[in-house]
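# Structural overview
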Amino acid sequence: MKILITGLWICAVTIASCYGAVTFGGGIFSKKTEPYLEGLQYQKLAPINIPMIADGKVQGYVIAVLVFTADAKLMHTLPVPPNAFVVDEAFRQIYGDPALDFRKLAKYDITKRLAEVRAKVNERLGGDVVKDVLVDEINFVAKREVRS
């Protein structure tokens, strides 16, 4: 009889301890999920091919791969993603810049140009969406080096 009562006592203590661990210790064993932090979102754009024209002829192409960071919260609320605006503005800025002449190489203020791209895109989008525009790659390919 003592063995039977001892066995029941052990079962009751085990069940009570399991119940207590599940009920009161649930926070200890569960995975802690951190809230999603809305911050900056990184977007890499497809390569842009910009023809460089001088003396009425195509001299070559600037091939640029740009990256921009944008406010993630605003990105999700925009009806149109800003990618097309960044590509369009970068194309306009580089294509229309008279100071950029690859026949006479000189130092080029790319920081100023990228700041202008950012400012124009934000102006077109009507808010401070794009935080920074970065260059991932930029190359110039002369027309004689282009294979058809």
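I will try to describe carefully the structure that is included in this document. (Residues numbered from 1 in each chain as written. Predicted model: local features only at pLDDT ≥ 70, side-chain atom pairs only at ≥ 80, totals over all residues. Heavy atoms only, no water.)

## Focus: the environment of V62
One can find V62 in strand β3 (residues 57-71). Separated by 29 residues in the primary sequence, V62 and F91 place their C-alpha atoms 9.7 Å from one another. (Helix = DSSP H or I, 4+ residues; strand = E, 2+ residues; numbered from the N terminus.)

## Some words on a nonpolar patch on the surface
A cluster of nonpolar side chains, contributed by M1, L4, I5 and L8, occupies part of the molecular surface with about 490 Å² of accessible area. Take M1: it is sitting in the segment before α1 (2-24). (Patch = residues over 30% accessible without salt bridge, like charges linked within 9 Å, V, L, I, M, F, W, Y side chains within 5 Å. Areas by Shrake-Rupley, 256 points an atom, 1.4 Å probe, with all protein chains shown as cover. Salt bridge = Lys/Arg side-chain N within 4 Å of Asp/Glu carboxyl O.)

## Examining the pattern of salt bridges
Inspection of the entire model under this criterion finds seven salt bridges. The closest approach of N and O atoms between R92 and D88, which form a salt bridge, is 2.8 Å. Residue R92 and its partner D88 are located together in helix α4 (residues 83-95), separated by four residues, close to a single helical turn. D128 is the salt-bridge partner of R118, the closest N and O atoms lying 3.8 Å from each other. In this pair, R118 sits in helix α5 (residues 110-125) while D128 sits in the loop between α5 and β4 (130-142), placing the two residues ten residues apart along the sequence.

## Quick word on the packing of aromatic side chains
Taken as a whole, this structure holds one aromatic pair when the rule is applied. Measuring from ring centre to ring centre gives 5.6 Å for F91 and Y95, while their planes differ by 15°; the resulting arrangement is stacked. Highlighted residues: F91 and Y95, both in helix α4, separated by four residues, approximately one helical turn. On the basis of relative accessible area, F91 is assigned to the partly exposed category, the value being 28%. Relative accessible area serves as the criterion here: at 42%, Y95 is assigned to the partly exposed category. (Phe/Tyr/Trp six-rings, centres within 6.5 Å; stacked < 30°, edge-to-face > 60°. Buried < 20%, exposed > 50% of the residue type's maximum accessible area, 1.4 Å probe, protein only.)

## Points about α4
Taking 1.5 Å of rise per residue, 13 residues should cover 18 Å, and α4 covers 18 Å from first to last C-alpha, within 8% of that figure. Where α4 is buried, its residues touch β2 (48-54), β3, α5 and β4. (Expected span 1.5 Å × (residues − 1). Contact = heavy atoms within 4.5 Å.)

## Some points on the side chain of T69
The residue T69 is located in strand β3 in this model. Overall, T69 belongs to the buried group, its relative accessible area being 14%. Ignoring sequence-local partners within four residues, the contact set of T69 consists of L40, Q41, V129, V130, K131 and D132.

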